[in-house]
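Given next are the chains, with one letter for each unit.
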Amino acid sequence: MIGGLFIYNHKGEVLISRVYRDDIGRNAVDAFRVNVIHARQQVRSPVTNIARTSFFHVKRSNIWLAVVTKQNVNAAMVFEFLYKMCDVMASYFGKISEENIKNNFVLIYELLDEILDFGYPQNSETGSLKTFITQQGIKGQHQTKEEQSQITSQVTGQIGWRREGIKYRRNELFLDVLESVNLLMSPQGQVLSAHVSGRVVMKSYLSGMPECKFGMNDKIIIDKAGKGGVTNEAGKSTSGKQSIAIDDCTFNQCVRLSKFDSERSISFIPPDGEYELMRYRTTKDIILPFRVIPLVREVGRTKLEVKVVIKSNFKPSLLAQKIEVRIPTPLNTSGVQVICMKGKAKYKASENAIVWKIKRMAGMKESQISAEIELLPTNDKKKWARPPISMNFEVPFAPSGLKVRYLKVFESKLNYSDHDVIKWVRYIGRSGIYETRC
Amino acid sequence: MRSVMFRFHVCAGEIFELKAELNSDKKEKKKEAVKKVIASMTVGKDVSALFPDVVNCMQTDNLELKKLVYLYLMNYAKSQPDMAIMAVNTFVKDCEDPNPLIRALAVRTMGCIRVDKITEYLCEPLRKCLKDEDPYVRKTAAVCVAKLHDINAQLVEDQGFLDTLKDLISDSNPMVVANAVAALSEIAESHPNSNLLDLNPQSINKLLTALNECTEWGQIFILDCLANYTPRDDRESQSICERVTPRLSHANSAVVLSAVKVLMKFMEMLPKDLDYYGTLLKKLAPPLVTLLSAEPELQYVALRNINLIVQKRPEILKHEMKVFFVKYNDPIYVKLEKLDIMIRLASQANIAQVLAELKEYATEVDVDFVRKAVRAIGRCAIKVEQSAERCVSTLLDLIQTKVNYVVQEAIVVIKDIFRKYPNKYESVIATLCENLDSLDEPEARAAMIWIVGEYAERIDNADELLESFLEGFHDESTQVQLQLLTAIVKLFLKKPTETQELVQQVLSLATQDSDNPDLRDRGYIYWRLLSTDPVAAKEVVLAEKPLISEETDLIEPTLLEELICHIGTLASVYHKPPSAFVEGSRGVMHKRLPAQGTECPDVGNAAGGSAPEAAPSIIPSQGDLLGDLLNLDLAPPTTPAVLLPLVWLPAMKAKGLEISGTFARRAGVIQMELVLTNKAMSVMTDFAIQFNRNSFGLAPAGPLQVLTPLGPNQTIEVSLPLSTVGPVMKMDPLNNLQVAVKNNIDVFYFSCQYPISMLFVEDGKMERQVFLATWKDIPNDNESQFQIQDCHLNSASNKLQGSNIFTIAKRTVEGQDMLYMSIKLSNGIWVLAELKVQAGNPNYTISLKCRAPEVSQCVFQCYEAVLKN
């Protein structure tokens, strides 16, 4: 299991060091600093073995978090734990920075004591941790016996993510369908790979212990309903193009996985506040919001002509925002002249790219940029690698075609029904890695 | 309070200051002081001098302060064991506290203090906490048992904690179950043979129920534990799989990977024609692909595991090639792994896409990545025949870029393509030759020289090209030198008239001016071949080469099976068994996949049971029985000495070839009995064997008779007659034999030891007079005495005669039997022996006399082996 956890600043100074196992000595702290943080070359692997001791690390801004072990631990678990640890710390004191860590080191030790025992991860839900590890640190002694046992049963319980007795005057929930659409396109406009990775993020402010059921236009469900004989008119129209094929999805731990496996229904008791209900991935019938058509011409050895056209491909009534096209330029660029019809374009020498920004763009439109790039003559034999043209944008729909069909709330003990809950749904599609080779 | 920034320095004056603050009456001041102490401790400053002062702060009802003091205690108790005792009282008291959080805190901390005296006091509170009414305390206590076991395993067993821990597996709270499983799994690892976890269908059922309810981490512990279970039959295996599959949709990648591990393992037992088998295969692909959208570090772990899964079951991901395409912004470690998997998945169906990608990668920045991409193009050509032509033209395009390392890498792979498709792509040689000057890496130079030598007849100026390399012959690396030597000899055999001078030049460079024995040997061999029999030389040097196999760098199957059992863990990231990087006993246990259709574990035993039956045939026993009959000795029939075959060369060291064997002497001929097993995926052919010089001149008397190719998973037994007329060199130990075995894949070396009794010849019976004379003749310095203990035999001499140890005379002196014996070794050395046997004493004394006293030790070992068997 995990033998110890160290946190370093960018210089390799130790900010936090907690050792769980006897086989980890103090020299392990230095071994990691010398061999990884101070290493000359680029980090070639997140797992390093130094003298039969294994180190796992992740970096958050310029802070290093390292787990050390001498055993055959579950490596996936170690990284999941490190991410979780970052989340927990962030939810306690915000950004993970040297200053915040130094200021909160007592709290961090307290957390490390609680969520790792002998190197085994324990409950790491911030919701329940915050009930007894607090910023004030004095909550422990003023609790009643009932409160104490409530804490412990929540920490160890089946529904460790929600406490009893939550009350809201107004029962309300917000659903955000956040998708990032990824594309790799050849210069000829052929889609090499495209997928959408989406998240359903939920903010729930519901009283009691509500039972929720979430439904979307999942092809499997809709086809099943169609076969089952529920063929009303609406059903038919939805089972047409409206449904989407989900390649795979993963759920928050509150979702009953066995029920999803058998009936494909998503039912759960939600945590309070904001959380990620599910993640999913689709690859079929993706709406690609933009197409990039590049044209690069080399004029002699000292000049490049670049023309890039972008076309928006969605309903004209919708508006895309925060559009940014990044056109890489060779390292030996000496000067650039840009002309664009819309937005602003600038050559950024430090980033070796022309950055073209457009604030807003409606669907079914197109825009164009052309640039002349002057090159310095070099005797470098290696050709310019021509990195792909990348794009960023935000659109108000889900490129995968996912639609929320319903979210039903049942709370049998309290007197509010599904109709009393105010529900909000929002779709945001963002660019993930959206690249076109040129 | 927390906004106070602590300076991370402590000097002597500060220690003094802290001491004062720690003893202050004001609570807040005390707490701040302890915080400063912890801050110093973190950066590695020694604040152990403050031990008594800090411990004094322990008695407090402030939980935060208490936790800080505990933290300090865990760090320094070991260095101050006597003072740590001061803390015991508070711990014991806290274990009784009404607040469950404090009870748990106390028992958790106490387990972390590795001081024997404290451990003694821990037992009682721990026992209570294991049965505490609060699940939070129980789950903490469960882990504490593992802690205690790490400090004092005996104590845990004596106190019966293991049984209590086992009971916790049936606890009503899922987190208690999960921690108990984790603790038991860890303890079980250090007792490989104990049946601690006692997994049976009932307990498995409990675990599967808890699986649905506990935290993500608990699910990992339980799944990892489940993976160690072997279901009784395919039906149980299927029902477990059905209950594990929902975990594939968990948001935590570690849960997913552990579930994949269980499924991959249990799938082995399912019949392939089962519908469910196909369903399961289909269910595995999407979660594996989803892992690739995780954070880069997790992607790396996932990719390393997918690499194993693809080797074990290529069908799972065969349609998912696209997801392994490299993204421009992927970290380099992700890129390299993806590339590896792309090559493994390349097939005729997707090769066009793969090639287009690889070509793209070959223009990237990172040198390692580019090299790997170029190499991958070559591997595609070898793997998918239809694509070879396109690959070659892609490689040629890359060579045109003139980027130094790209060119070199391309040439290395083109050499392999030539090997795979001889006489097909020679048209490109001209282009390759243009780049001769830019090659500066040995591997690329060697590859280029090989190509020139191999196709010398089609390259007009081959002699000039090779000559140009010859100038700096001594500065080249061995690899290049060897290749150059061979290439020039090839050239000479093809165009003898023009190149005589060149070949003489290289032969003299290799044989006279070189210090490298390999090079010299090869040079001499060529020289002799060329000067004695040029026709034979042609046959040898220009022989047809075996084709190279399609799949390179596959993990050897037994290792792969073991690694599949370790999916998700470090072993699967390193692609090494845990024993390679874990110290001590932990995790050294080798895991195996269950065999398909095993009804019960008895099958294994039955197979094991048959081994002894076959064994007696190894050494003939007639001699012994006959001797017994003639002497009318009524001793119970003795079992003959049987040498069980030992594994001499494990498959891991020999690319899948496993060699085990033994020696026997039959009818005056020494036989080496070899068992060759092919554990690799490809067919092995062209076996040959050779011995290094050894003490008694053992040498194969004939070739290794493996007539048919050895297919995957096939085993063949060969007996190799040995002669004793080979070259002699004294070895240490004397009976050590170094062997080289060659097959179409490589040459492998191992060493083994033969019992010296193999060398005892049949005509080793000396005349009585000669014996006496010789005994006197050998100086007393050469005599050595040994004791053979615990020997109960009635007819030692009969037994010994079976091994060609001959009794010449017997004398009884003062109740002691004195037996005089003679042995003759195959090289003519005589060994004389005197064996003293006292009636009723199981200890025999033996004196050995020999002109070469070195052999005495070995001979004694034979005596011992023969007499005790």
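Model, not experiment: these values are computed from the prediction.

Colleague: I'm lost on the overall build of chain A in this one. Help?
Modeller: When helices and strands are counted, chain A shows 9 helices and 23 strands. By principal-axis analysis of the C-alpha atoms, chain A measures approximately 80 × 70 × 35 Å. Within the span of chain A, comprising 438 residues, buried residues form 54% of the whole. When contacts within chain A are restricted to residue pairs at least 6 apart in sequence, long-range pairs at least 24 apart make up 71% of them. For chain A, the exposed surface amounts to about 19,800 Å²; the carbon and sulfur share of it is 50%. On chain A, the mean spot of the 65 positive side-chain charges and the mean spot of the 44 negative ones are 6 Å from each other.

Colleague: Honestly, a positive patch on the surface in this entry has me stumped. Any pointers?
Modeller: Residue and element names in this part refer to chain A. Where like charges cluster on the molecular surface, the positive patch consists of Lys 344, Lys 346, Lys 357, Lys 359 and Arg 360. Those elements giving two or more residues to the positive patch turn out to be strand S18 (344-348) and strand S19 (353-362). The element that contributes the greatest number of residues to the positive patch is S19, accounting for 3 residues.

Colleague: I keep staring at the domain arrangement of chain A and nothing clicks. Help me out?
Modeller: Bring the parts together and some accessible area is lost; that lost area is often taken as the interface size. Along its sequence, chain A is carved into domain 1 (4-132), domain 2 (172-224 + 243-286 + 399-436) and domain 3 (290-395). Just the C-alpha atoms count here: the centres of domain 1 of chain A and domain 3 of chain A sit 41 Å apart.

Colleague: What exactly am I supposed to notice about the interface of chain A and chain B here?
Modeller: Taken together, the 98 residues of chain A in the interface contact 108 residues of chain B. A combined buried area of about 8,800 Å² lies between chain A and chain B, and 55% of that area is made up of carbon and sulfur atoms. Between the two partners, chain A and chain B, sit 13 salt bridges. Two residues, Lys 283 of chain B and Asp 261 of chain A, come together in a salt bridge whose shortest N-O distance is 3.8 Å. Our enumeration of links across chain A and chain B arrives at 41 residue pairs in polar contact (both at pLDDT 80 or more). Top contributing element to the side of chain A that touches chain B by residue count: helix H2 (residues 75-93) of chain A, with 8 residues. A class-by-class count of the residues in the side of chain A that touches chain B yields 38 nonpolar, 35 polar and 25 charged.

Colleague: Please explain the environment of Thr 131 of chain A as it appears in this structure.
Modeller: Residues and elements named next belong to chain A. Summarising the element assignment, Thr 131 is placed in helix H5 (residues 126-132). Residue classification places Thr 131 among the buried residues on the basis of a relative accessible area of 15%. Taking the C-alpha atoms as reference, Thr 131 lies 23 Å from Glu 80; in sequence the two are 51 residues apart. In terms of polar contacts, Thr 131 uses its side chain to reach the backbone carbonyl oxygen of Ser 128, at 2.4 Å.

Colleague: Explain the packing of helix H24 (residues 442-454) of chain B against helix H25 (residues 462-470) of chain B here, please?
Modeller: Geometrically, a packed helix pair is captured by the angle between its two axes and the distance between the axes. Residues and elements named next belong to chain B. The N-to-C vectors of H24 and H25 enclose an angle of 150 degrees; their axes lie 10 Å apart at closest approach. With respect to each other, H24 and H25 are oriented roughly antiparallel. Seen from above, H24 lies across H25 with left-handed handedness. Contacts between H24 and H25 involve Arg 445, Ile 449 and Val 452 on the former and, on the latter, Ala 462, Leu 465, Leu 466 and Phe 469. When grouped by side-chain class, the residues that make up the contact of H24 with H25 number 6 nonpolar, no polar and 1 charged.

Colleague: Would you take a moment to explain the confidence of the model for chain A for this structure?
Modeller: Segments scoring low in pLDDT should not have their predicted coordinates read at a detailed level. Residues and elements named next belong to chain A. The share of residues in chain A with pLDDT of 70 or more is 93%, and the mean pLDDT across the chain is 87. The low-confidence segment residues 137-141 (pLDDT under 50) makes 11 contacts with residues lying over four places distant or belonging to another chain. The low-confidence segment residues 229-240 (pLDDT under 50) makes 6 contacts with residues lying over four places distant or belonging to another chain.

Colleague: Before we go on, may I ask you to explain a negative patch on the surface in this structure?
Modeller: Together, Glu 464, Glu 467, Glu 471 and Glu 501 of chain B give the surface a local cluster of negative charge. Residue placement: Glu 471 of chain B occurs in the loop between H25 and helix H26 (478-494).

Colleague: Sorry if this is basic, but what is going on with the sheet that holds strand S1 (residues 646-649) of chain B here?
Modeller: Two modes of strand pairing occur in sheets, parallel and antiparallel, and in both the strands are linked by backbone hydrogen bonds. Residue and element names in this part refer to chain B. Strand order in this open sheet of 5 strands is S1-S2-S3-S6-S5, and the pairing throughout is antiparallel. Strands at the two margins of the open sheet, each flanked by one partner only, are S1 and strand S5 (699-700). Across 10 bridges, strand S2 (residues 657-666) lies against strand S3 (residues 669-678) in antiparallel orientation. Its bridge partner being in S3, Thr 662 is matched across the sheet by Glu 673.

Colleague: Explain the pairing of strand S12 (residues 830-838) of chain B to me, please; I cannot follow it from the model alone.
Modeller: Residues and elements named next belong to chain B. Strand direction decides the pairing type here: strand S11 (residues 816-824) and S12, joined by 9 bridges, are antiparallel. Its bridge partner lying in S12, Lys 824 is registered against Trp 830. Turn length for the S11-S12 hairpin, with the two strands adjacent in sequence and antiparallel, is 5 residues, and the turn residue Gly 828 shows positive phi of about 90 degrees. Across 6 bridges, S12 lies against strand S13 (residues 844-850) in antiparallel orientation. Within S13, the residue paired with Leu 835 across the bridge is Ile 846.

Colleague: Teacher, can you tell me more about the nonpolar core here?
Modeller: As a rule of thumb, nonpolar side chains are buried together in soluble globular proteins. Membership of the largest hydrophobic core comes to 283 residues, with the highest contact counts inside it found for Phe 56 of chain A together with Tyr 72, Leu 126, Leu 317 and Phe 418 of chain B. By residue number, the principal contributor to this core is H2 of chain A, which donates 14 residues. With residues up to four places along the chain from it excluded, the contact list for Tyr 72 of chain B reads Val 37, Ile 38, Met 41, Val 47, Ser 48, Leu 50, Phe 51 and Val 54 of chain B. Among the nonpolar cores identified, the runner-up in size contains 62 residues, and Phe 663, Met 684, Cys 858 and Phe 860 of chain B belong to it.

Colleague: Can you walk me through the pattern of salt bridges in this structure?
Modeller: Oppositely charged side chains may form a pair once their charged atoms are brought near each other. Residue and element names in this part refer to chain A. Under the counting rule described, the total for this entry stands at 68 salt bridges over all chains. Two residues, Lys 303 and Glu 372, come together in a salt bridge whose shortest N-O distance is 3.6 Å. With Lys 303 in strand S15 (residues 303-312) and Glu 372 in strand S20 (residues 366-375), this residue pair connects regions lying 69 residues apart in the sequence. Taking the relative accessible area as the measure of exposure, Lys 303 reaches 23% and is therefore partly exposed.

Colleague: I'm lost on the side chain of Ser 267 of chain A in this one. Help?
Modeller: All names here are of chain A. Tracing the chain through its elements places Ser 267 in strand S12 (residues 266-268). A relative accessible area of 3% places Ser 267 in the buried class. Setting aside residues no more than four positions away along its own chain, Ser 267 makes contact with Glu 211, Cys 212, Lys 213, Cys 254, Val 255, Arg 256 and Lys 259.

Colleague: Help me understand the environment of Glu 96 of chain B in this model?
Modeller: All names here are of chain B. Within the fold, Glu 96 resides in the loop between helix H5 (81-94) and helix H6 (100-111). Among the residues examined, Glu 96 registers a relative accessible area of 48% and is labelled partly exposed. Distance in space between the C-alpha atoms of Glu 96 and Phe 221 is 30 Å, their sequence separation being 125 residues. Apart from the residues lying within four places of it in its own chain, the contact partners of Glu 96 are Arg 103 and Lys 128. In terms of polar contacts, Glu 96 uses its side chain to reach the side chain of Lys 128, at 2.7 Å.

Colleague: What is the right way to read the pairing of S3 of chain B from this model?
Modeller: Remark: a regular strand shows side chains that alternate across the two faces of the sheet. In terms of burial, S3 of chain B is largely enclosed, as 9 of its 10 residues are buried. The turn linking S2 of chain B back onto S3 of chain B is made up of 2 residues, and Ala 667 of chain B within it adopts a positive phi angle of 50 degrees.

Colleague: What is the right way to read H25 of chain B from this model?
Modeller: Every α-helical turn comprises 3.6 residues, leaving residues that sit three or four positions apart pointing alike. Residues and elements named next belong to chain B. Every buried residue of H25 is accounted for by Ala 462, Leu 465, Leu 466, Phe 469 and Leu 470. Looking straight down H25, one finds that the buried residues subtend no more than 145 degrees of arc, so they occupy a single side. Here the buried face of H25 lies against helix H23 (429-434), H24, H26 and helix H27 (496-511).

Colleague: Teacher, can you tell me more about H26 of chain B here?
Modeller: Taking 1.5 Å of rise per residue, 17 residues should cover 24 Å, and H26 of chain B covers 24 Å from first to last C-alpha, within 8% of that figure. A large share of H26 of chain B lies buried, amounting to 13 of its 17 residues.

Colleague: Quick question: what am I supposed to make of the sheet that holds S19 of chain A here?
Modeller: All names here are of chain A. A sheet is described by the order of its strands in space; here 9 strands give the open sequence S11-S13-S9-S8-S23-S21-S16-S19-S18, paired in mixed fashion. Strands with a single pairing partner mark the edges of an open sheet, and in this sheet they are strand S11 (248-251) and S18. Along the sheet, successive strands turn relative to each other by an average axial angle of 15 degrees, direction set aside. Judged from the 5 bridges that link them, S18 and S19 form a sheet pairing that is antiparallel. Paired with Lys 344 across the two strands is Lys 357, which belongs to S19.

Colleague: Could you clarify how one ought to interpret the environment of Lys 117 of chain B in this entry?
Modeller: All names here are of chain B. Along the chain, Lys 117 falls in helix H7 (residues 116-130). Taking the C-alpha atoms as reference points, Lys 117 and Ala 84, separated by 33 residues in sequence, lie 8.9 Å from one another. The residues touching Lys 117, leaving out its near neighbours within four places in the chain, are Asp 82 and Ile 85.

Rules and cut-offs
Residues numbered from 1 in each chain as written. Chains lettered and ligands numbered in written order. Predicted model: local features only at pLDDT ≥ 70, side-chain atom pairs only at ≥ 80, totals over all residues. Heavy atoms only, no water. Helix = DSSP H or I, 4+ residues; strand = E, 2+ residues; numbered from the N terminus. Buried < 20%, exposed > 50% of the residue type's maximum accessible area, 1.4 Å probe, protein only. Contact = heavy atoms within 4.5 Å. Areas by Shrake-Rupley, 256 points an atom, 1.4 Å probe, with all protein chains shown as cover. Lys, Arg positive; Asp, Glu negative; His and termini not counted. Charge placed at Lys NZ, Arg CZ, Asp CG, Glu CD. Patch = residues over 30% accessible without salt bridge, like charges linked within 9 Å, V, L, I, M, F, W, Y side chains within 5 Å. Salt bridge = Lys/Arg side-chain N within 4 Å of Asp/Glu carboxyl O. Domains from an automatic or database assignment. Buried area = accessible area lost by both parts, 1.4 Å probe. Polar contact = N/O pair within 3.5 Å; in protein donor to acceptor, adjacent residues only side chain to side chain. Nonpolar A, V, L, I, M, F, W, Y, C, P; charged D, E, K, R; others polar. Axes fitted to C-alpha atoms, helices over the stretch in contact; angles between N-to-C directions. Parallel < 35°, antiparallel > 145°, perpendicular 65-115°, else oblique. Left-handed = near helix turned anticlockwise from the far one by under 90°. pLDDT = per-residue confidence, 0-100. Pairing = 2+ DSSP bridges. Core = buried A, V, L, I, M, F, W, Y, C linked by side-chain atoms within 4.5 Å. Arc of directions from axis to C-beta. Expected span 1.5 Å × (residues − 1).

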